[in-house]
Amino acid sequence: MPTFFNYPFQSNGFIPHGHCYLWQTGLVWLHIISDATIALAYYSIPFLLIYFISKRKDVPFNGVFLLFGAFIIVCGTGHLMEIWTLWHPDYWIAGGLKAVTAIISIYTAFALFYLMPQALTLPSPAQLEVINRALSTEIVERKRIEKELRLAEEIAQNSSQAKSEFLANMSHELRTPLNGILGFTQILQRTESLSEKGRKGVGIIYQCGSHLLTLINDILDLSKIEARKLELHPVDFYLPAFIDSVTEISRIRAEQKVIAFHVQLDPDLPTGIHADEKRLRQVLINLLGNAIKFTYQGSVTFKVQVIAQESNANGQTNHKIRFEVIDTGMGIIPEEAEKIFQPFEQVGNQKRQSEGTGLGLAISQKIVLLMGGQIQVQSTLSKGSTFWFEAKLPESKDWAKVSRVVEQGTIIGYQGQRRTILIADDRWENRAVIVNLLEPVGFTVVEASQGQEAWEQALVHKPDLIITDLVMPILDGFELINRLRQSEQFPEIAIIASSASVFAADQYKSIDVGADVFLPKPVEAETLLEMLRQFLQLEWIFDGKVDAIKKNQTGGLDQPNEMISPANEVLQQLLELAQDGDIQKVLELAQQLSASDQQLNVFTEQLVQLASNFQLKRLESFIVSIQESEFRSQKK
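Keep in mind the model is a prediction, meaning the values are calculated, not measured.

### Describing the overall build of the protein
Alright, step 1. In terms of regular secondary structure, the protein is built from 21 helices and 14 strands.
Alright, step 2. Split into buried and exposed, the 636 residues of the protein put 41% on the buried side.
Alright, step 3. Restricting the contact set of the protein to residue pairs at least 6 apart, pairs at least 24 apart contribute 72%.
Alright, step 4. Working note: accessible area of the protein is about 36400 Å², and carbon and sulfur atoms make up 57% of it.

### Quick look at the sheet that holds strand β6 (residues 376–380)
Two modes of strand pairing occur in sheets, parallel and antiparallel, and in both the strands are linked by backbone hydrogen bonds.
Alright, step 1. With respect to topology, five strands assemble into an open sheet ordered β2-β4-β5-β7-β6, the strand pairing being mixed. On the outer flanks of this sheet lie β2 (260–265) and β6, each paired with one strand and no other. Geometrically, the sheet is characterised by an average inter-axis angle of 15° between neighbouring strands, direction not taken into account.
Alright, step 2. Strands in contact with helix α7 (residues 239–256) are β2 and β4 (299–311); relative to β2, the strand with the most contacts, it is inclined by about 160°.

### Description of the nonpolar core
Alright, step 1. With 39 residues, the main nonpolar core has Phe 302, Phe 323 and Phe 389 as its most contacted residues.
Alright, step 2. Among the elements of the structure, α7, β3 (272–275), α8 (277–293), β4, β5 (317–327), α11 (360–370) and β7 (384–394) are those that each provide at least two residues to this core.
Alright, step 3. In terms of residues, this core owes the most to one element, α8, which gives eight residues.
Alright, step 4. Dropping the residues within four chain positions of it, Phe 302 is found in contact with Ile 243, Thr 247, Phe 261, His 262, Val 263, Gln 264, Leu 284, Leu 288, Phe 323, Glu 324 and Val 325.
Alright, step 5. In this structure, Ile 411, Ile 421, Leu 465 and Val 523 belong to the second largest nonpolar core, which totals 28 residues.

### Here we look at the packing of aromatic side chains
Alright, step 1. Scanning the model with the defined rule gives six aromatic pairs in all.
Alright, step 2. When the ring of Trp 23 is compared with that of Trp 87, the centres are 6.3 Å apart and the planes differ by 40°; the resulting orientation is tilted. Pair noted here: Trp 23 is in the loop between α1 (2–6) and α2 (25–55) and Trp 87 is in the loop between α3 (62–84) and α4 (91–120), with a separation of 64 residues, a long-range link.
Alright, step 3. A centroid spacing of 5.2 Å and a plane angle of 25° characterise the contact between Phe 323 and Phe 389, whose relative ring orientation is stacked. Separated by 66 residues along the polypeptide, Phe 323 in strand β5 and Phe 389 in strand β7 bring together distant segments of the chain. Judged on exposure class, the residue Phe 323 and its partner Phe 389 are both buried.
Alright, step 4. Over the ring of Trp 455 we find Arg 483; its NZ or CZ atom is 5.6 Å from the centre of that ring.

### Comments concerning the packing of helix α13 (residues 451–461) against helix α14 (residues 477–486)
Alright, step 1. Packing of α13 against α14 brings their axes to within 9 Å, and their N-to-C directions diverge by 30°. Viewed along their axes, α13 and α14 adopt a mutual orientation that is roughly parallel. As for the relative orientation of α13 and α14, their crossing is right-handed in sense. Residues Gly 451, Gln 452, Ala 454 and Trp 455 of α13 form the contact with α14, whose own contacting residues are Leu 480, Arg 483 and Leu 484.

### Topic: the confidence of the model for the protein
Detailed reading of the predicted model is not advised wherever pLDDT is low.
Alright, step 1. In this model, the protein carries an average pLDDT of 76, and 75% of its residues clear a pLDDT of 70 or more.
Alright, step 2. Counted against residues more than four places away or in other chains, residues 1–5, with its pLDDT under 50, gives zero contacts.
Alright, step 3. Counting interchain partners and residues more than four positions distant, the pLDDT-below-50 stretch residues 545–561 has 28 contacts.

### A few points about the sheet that holds strand β12 (residues 494–499)
Alright, step 1. The strand order β10-β9-β11-β12-β13 describes an open sheet built from five strands, whose pairing is parallel. Taken across any chain shown, the strands that pair with only one partner, and hence form the sheet edges, are β10 (444–448) and β13 (517–520). Averaged over all pairs of adjacent strands, the angle between strand axes in this sheet comes to 20°, irrespective of strand direction.
Alright, step 2. Where strand β9 (residues 420–424) lies against strand β11 (residues 465–469), four bridges are found, and the strand directions are parallel. By the bridge assignment, Ile 423 is partnered in β11 with Ile 467.
Alright, step 3. In the packing of helix α12 (residues 428–438) onto the sheet, the strands contacted are β9, β10 and β11, and the crossing angle to β10 comes to about 170°.
Alright, step 4. The sheet strands contacting α13 are β9 and β10, and the helix crosses β10 at an angle near 145°.

### Focus: the packing of α7 against α8
Alright, step 1. Their axes nearest at 10 Å, the elements α7 and α8 cross at an angle of 25°. Classed by the angle they form, the pair α7 and α8 counts as roughly parallel. The handedness of the crossing between α7 and α8 is right-handed. Where α7 approaches α8, its residues Phe 242, Ser 245, Val 246, Ile 249, Ser 250, Arg 253 and Ala 254 are matched on the opposing element by Glu 277, Leu 280, Arg 281, Leu 284, Ile 285, Leu 288, Gly 289 and Ile 292.
Alright, step 2. Within the contact of α7 with α8, the residues separate by chemical class into nine nonpolar, three polar and three charged.

### Regarding helix α19 (residues 583–596)
Alright, step 1. With 14 residues, α19 extends 20 Å from end C-alpha to end C-alpha; this agrees with the ideal 20 Å at 1.5 Å per step.
Alright, step 2. Along α19, the positions that sit buried rather than exposed are Ile 583, Gln 584, Val 586, Leu 589, Ala 590 and Leu 593.

### So, the side chain of Arg 322
Alright, step 1. Here Arg 322 is to be found in strand β5.
Alright, step 2. A polar atom in the side chain of Arg 322 sits 3.4 Å from the side chain of Glu 324.
Alright, step 3. Ignoring anything within four residues of it in the chain, the contact list for Arg 322 reads Lys 303, Val 304, Gln 305, Ile 307, Trp 388, Phe 389 and Glu 390.

### Points about a nonpolar patch on the surface
Alright, step 1. There is a patch of nonpolar side chains on the surface, built from Leu 128, Ile 131, Leu 135 and Ile 139 and spanning about 330 Å² of accessible area.
Alright, step 2. By the element assignment, Leu 128 lies in helix α5 (residues 125–191).

### A word on the pairing of β6
Alright, step 1. Judged from the five bridges that link them, β6 and β7 form a sheet pairing that is antiparallel. In the sheet register, Gln 376 faces β7, and the bridge partner there is Trp 388.

### Regarding unusual backbone geometry
Of all residues except glycine, most have a negative phi; of all peptide bonds, most are trans.
Alright, step 1. Backbone geometry places Ile 474, a non-glycine residue, at a positive phi of 65°.
Alright, step 2. Its location among the elements puts Ile 474 in the loop between β11 and α14.
Alright, step 3. Notably, Gln 537 is not glycine yet its phi reads approximately 55°, a positive angle.
Alright, step 4. Mapped onto the elements of the fold, Gln 537 is located in the loop between α16 (525–536) and β14 (540–542).

### Looking at the environment of Ile 273
Alright, step 1. Checked against the element boundaries, Ile 273 lands in strand β3.
Alright, step 2. Residues Ile 273 and Glu 395, spaced 122 residues apart in sequence, show a C-alpha to C-alpha distance of 4.4 Å.
Alright, step 3. Setting aside its immediate chain neighbours within four residues, Ile 273 contacts Val 235, Asp 236, Phe 237, Leu 239, Leu 393, Pro 394, Glu 395 and Ser 396.

### Overview of the pattern of salt bridges
Alright, step 1. Tallying each qualifying case throughout the model produces twelve salt bridges.
Alright, step 2. The partner of Lys 320 in a salt bridge is Glu 390, with the nearest N and O atoms 3.6 Å apart. Placement of the pair is Lys 320 in strand β5 and Glu 390 in strand β7, with a sequence separation of 70 residues.
Alright, step 3. Because the salt bridges share partners, they merge into one network encompassing Lys 320, Arg 322, Glu 324 and Glu 390.

Definitions and cut-offs
- Residues numbered from 1 in each chain as written.
- Predicted model: local features only at pLDDT ≥ 70, side-chain atom pairs only at ≥ 80, totals over all residues.
- Heavy atoms only, no water.
- Helix = DSSP H or I, 4+ residues; strand = E, 2+ residues; numbered from the N terminus.
- Buried < 20%, exposed > 50% of the residue type's maximum accessible area, 1.4 Å probe, protein only.
- Contact = heavy atoms within 4.5 Å.
- Areas by Shrake-Rupley, 256 points an atom, 1.4 Å probe, with all protein chains shown as cover.
- Pairing = 2+ DSSP bridges.
- Axes fitted to C-alpha atoms, helices over the stretch in contact; angles between N-to-C directions.
- Core = buried A, V, L, I, M, F, W, Y, C linked by side-chain atoms within 4.5 Å.
- Phe/Tyr/Trp six-rings, centres within 6.5 Å; stacked < 30°, edge-to-face > 60°.
- Lys NZ or Arg CZ within 6 Å of the ring centre and 35° of its normal.
- Parallel < 35°, antiparallel > 145°, perpendicular 65-115°, else oblique.
- Left-handed = near helix turned anticlockwise from the far one by under 90°.
- pLDDT = per-residue confidence, 0-100.
- Nonpolar A, V, L, I, M, F, W, Y, C, P; charged D, E, K, R; others polar.
- Expected span 1.5 Å × (residues − 1).
- Polar contact = N/O pair within 3.5 Å; in protein donor to acceptor, adjacent residues only side chain to side chain.
- Patch = residues over 30% accessible without salt bridge, like charges linked within 9 Å, V, L, I, M, F, W, Y side chains within 5 Å.
- Salt bridge = Lys/Arg side-chain N within 4 Å of Asp/Glu carboxyl O.

Okay, structure coming up:
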């Protein structure tokens, strides 16, 4: 075996290859230089292939490149062997090297044979040029489409902005006459002695104006929803009084249609909750109003129940409350049930469709979605419908601190020195509302039709408070407020910015330039008077009748000497109605008692005062205190 391995390396008996060239110097050097140059060139090619493979690992022919590199290396080595055998006759080694070269050459040839179909599928330079031109065309087309899409998006945004501005401007124009209508109805209700028919007429005017204002607000709410600008503003409030106010509105509507109205409340409902009171009321009144509108006989049931409770990390209890409205009305077919939550979509006959804008359910659904729920509906045609939604509402322990101020009666004046109010507005009807609201109460009201005139009037009259519109000629409200704040005479004066503008930016801007508070138009008398009370530190004077009631209330609800109470059976009936939360029945019974015996007027007035303001706990305490007083009197 060792002999076999040593045999190929034996060179005895052979003569060097140079003898074939007769050792002619020129011929020998010719072969040496040629073979060395070929070997050097061969060796450089594999290094270039290896460099190419290291840089382009994505090329599918890397294996063939490696085989080809090996083939070239052995070929180059063969040429070096030719130079070696000129002096050393190692022909077995040279032959073995040629055999290796042959093997690698055959393997490379077979690899190329299988690779050839794949290589032929590669695009030619001409095909690549066509593909490049197509890609260039596609890129140009895509850029054109993207440009058109950006242009369409810009047009849509401009259209949406134009629509929002149009709606806002129309709202401003509509709210201005509404400010006069609603303002003067409040003035008439507060200051004029009207007949029963006149009082009802003024009340109808106010209700119609308020309804029109609600429709305007619905359209604006839809615009805000589409622009994704509608936000919730949660506050702490007293849930039982909130539910009472919602149900009483609906109960009156149901009684007008002579259908039953039932309320089912979970005894585990929290006393106070933290939620957007305005938006939640809007949703519930809409659902109840629709149920009553499309129910002609039978009943409407309003159910509120707690379906889950959990405590968060702050130790606060979250109640998952389900609000449900069930009616026995006309019902909805499945095809219509899918459309009722779309804007301007209505169901039912044409007469009923004309009673609204078709926005209520669309807006209500968006509001409930913001609350984390969804309004759902189950309905059977001609049998009735059930609408419900669930909302997770945090319980509030501090609702009493932020509850609304209860109206104490008709204000006839205020204590202390006479105060001067400056009103700046370019519309006379808006100024007239403020003048007629404040002058009867004892204020001196100075008017200005634009900002420059308001500045001059302020310098002359030195008002205690300024109410200014924002959009005025010559000098607008923003510039007026800024000038007042920059002046040495009025840096701390109370300023109320008032406008019918629905742009939140205008409201925020008015506060930023120095206004203390924003008062929306149409002006609500209670809101304006409360602002005046806060900024001017006023103590109101009420008329005598209300003062007497107030005195009774603040006296611990004890029965006064001049108050005559009804029989104990009636008191017990009133107590049961108050405990059931049936405000309407309490008011009806109070009216009957007043009509049957005028000596009960003081008692019924206080009863109506507490019931009208949904002070259920105080109402119960009031009745119980009278019962205990009667019991003590009988015992004596």
